[in-house]
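Here is how the chains run, residue by residue.
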Amino acid sequence: MSGGAGVRVGIHDLAVATGHHVLDLDDLAARNGVDPAKYHVGLGQDAFSMPAADEDIVTMGAAAALPLIERHGTDGIRTVLFATESGVDQSKSAAVVAHGLLGLPSTARAVELKQACYGGTAALVAALGIVARDPRERVLVIASDVARYDLDSAAEPTQGAGAVAFLVAADPDLIEIEPASGLFSADVDDFWRPNDRSTALVDGRLSVTAYVDALLGSWDDLAERGGIAPADIDRWLHHQPFTKMALKAHRAWSKHVGAEFDETELATGFTYNRRTGNSYTASVFLALAALLDLDDDLEGRRLALFSYGSGSVGELLTGIVKPGYRALRRAGQVAGLLDARVPISVDDYRELHAATTTTSEARQNPEVTTGPFRFVGVEAGARRYARTGVGTSEDAIG
Ligand code: CAA
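Residues numbered from 1 in each chain as written. Predicted model: local features only at pLDDT ≥ 70, side-chain atom pairs only at ≥ 80, totals over all residues. Heavy atoms only, no water.

Give a description of the pattern of salt bridges that names residues and reports values.
Under the criterion given, the structure shown has 16 salt bridges. Two residues, Glu137 and Arg78, come together in a salt bridge whose shortest N-O distance is 3.5 Å. Residue Glu137 is found in the loop between helix 5 (119-133) and strand 6 (138-147), and its partner Arg78 is found in strand 4 (residues 77-83); the two are separated by 59 residues along the sequence. On the basis of relative accessibility, which here comes to 9%, the residue Glu137 falls in the buried class. With a closest N to O distance of 2.7 Å, Asp339 and Arg275 form a salt bridge. Of this pair, Asp339 sits in helix 10 (residues 333-339) while Arg275 sits in helix 8 (residues 267-276), placing them 64 residues apart in sequence. Shared partners join several salt bridges into a network, and the residues in it are Arg8, Glu176 and Lys322. (Salt bridge = Lys/Arg side-chain N within 4 Å of Asp/Glu carboxyl O. Helix = DSSP H or I, 4+ residues; strand = E, 2+ residues; numbered from the N terminus. Buried < 20%, exposed > 50% of the residue type's maximum accessible area, 1.4 Å probe, protein only.)

In structure tokens, the structure reads:
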């Protein structure tokens, strides 16, 4: 992004974390009496991550950020932006808690951002502006969410959990974000979570059309602002509430602009989301991680990144992948993280789901997580967190 000083800004490094458990959608299909192909083919999902009783958005978000701090230190980090739509407090931001757990300097601002699944991209855009204003600064962005719907609802197989953290900096090593973006907002009740609920309410059908409207609206806005031609985009990344949604939306875009579209092109970006389920604000960045890890060669390629947050806001950004980006990615690290999750039975999943509460009653959580941070419990109405002494997920994978 060219700021006042014409500085190039973008994503310098990026890391991933997820929940302790995994539920295989074959098991859920058997329990629900549904053909497993509905989930694997119809929704494009194979499994979903689920946090243990002593994990939440804060522990996952801090776990995603820890390797970035270990690799790059804390110098220049004066802002922590935490995007989530499954926030755990109505006042105190998850950013402040993550800031403390990560041992960041006190000379920093820490803020939580919310607009459904769009929040991570809102944080990215805010971070680009902060760094363009003063290129000596770096911004730590954390996108972390637990997607929870009611048991036995149509949305149940599209649950999930995950976090992606990234550093936004001048002269980035991974991706330079280009200045123009396409925007679209419309007040729609397709998905929301009232204050008294721990599960989201969703009008599934409306959410699908609202998503498509936002993609087409964002594209048209970008085009009107002198945006690029369809053929100038080498790879597409979309928000993936379930991967079939991205496919449906891309089909609609392809028809809208009259472009040819080979459906297999999107498959690489689906790889991690198929296994984690929806991670809301983190979803499109998890797709980015998959592309960076698994695509043959992205050097100098232009990526289009479409973010959608129900309610609704869409934004379409583009970025150019930097030469040498591969040196920052550890092959097999995210796959190893996903392989290391502990399978949970449908009965245990249902029990854990039902036990998840938003109350501030005092409690001690059981010690389950093998991640670097845990949600210890609630004391005097406040959530308590701790470092476990376990290394980062990268250490665990070796
Ligand atoms: N083999 C293969 N495919 C099958 C099948 C089988 N045996 N049985 C059904 N299918 C297919 C259906 O044909 C359908 O595919 P198409 O849409 O391509 O026709 C697909 O499986 C799903 O079937 P249904 O539409 O019958 O599924 P459903 O009504 O039970 O639920 C849903 C689907 C409404 C999307 C539901 O999962 C849901 O509400 N999810 C949450 C909402 C959501 O994620 N919305 C997306 C946009 S909103 C957003 O992006 C924000 C966010 O993150 C939430």
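Now, onward.
Kindly report on the packing of aromatic side chains, identifying the contributing residues and their values.
The full count for this structure, using the stated rule, is ten aromatic pairs. Where Phe48 meets Tyr349, the ring centres are 5.6 Å apart and the plane angle is 70 degrees; that geometry is what we call edge-to-face. Of the two residues, Phe48 sits in strand 3 (residues 47-50) while Tyr349 sits in helix 11 (residues 346-355), which places them 301 residues apart along the sequence. Tyr349 matches Phe48 in its accessibility class, with the two residues each being buried. The interplanar angle of 75 degrees and the centroid separation of 5.5 Å between the aromatic rings of Phe191 and Tyr280 together place this pair among those described as edge-to-face. Of the two residues, Phe191 sits in strand 9 (residues 191-192) while Tyr280 sits in the loop between helix 8 and helix 9 (283-294), which places them 89 residues apart along the sequence. By the burial criterion, Phe191 is buried, and Tyr280 matches it. The structure contains a cluster of three or more aromatic residues connected by ring pairs, namely Tyr149, Phe191 and Tyr280. (Phe/Tyr/Trp six-rings, centres within 6.5 Å; stacked < 30°, edge-to-face > 60°.)

Account for the domain arrangement of the protein, naming residues and giving values.
The domain architecture assigned to the protein consists of domain 1 (4-176 + 330-395) and domain 2 (178-328). Summarising the inter-unit geometry, the C-alpha centres of domain 1 and domain 2 are found 19 Å apart. Facing the 64 residues of domain 1 at the interface are 50 residues of domain 2. Taking both partners together, domain 1 and domain 2 bury about 4500 Å²; carbon and sulfur atoms supply 57% of that area. Ranking the residues of domain 1 by area buried against domain 2 places Cys117, Tyr118 and Glu176 at the top, with a combined share of 13%. The salt bridge involving Asp46 is made with Arg274; its shortest N-O contact spans 2.8 Å. Examining the composition of the side of domain 1 that touches domain 2, we find that six residues originate from one element, strand 7 (residues 160-170), more than from any other. Residue composition of the side of domain 1 that touches domain 2, by class: 28 nonpolar, 24 polar and twelve charged. (Domains from an automatic or database assignment. Contact = heavy atoms within 4.5 Å. Buried area = accessible area lost by both parts, 1.4 Å probe. Nonpolar A, V, L, I, M, F, W, Y, C, P; charged D, E, K, R; others polar.)

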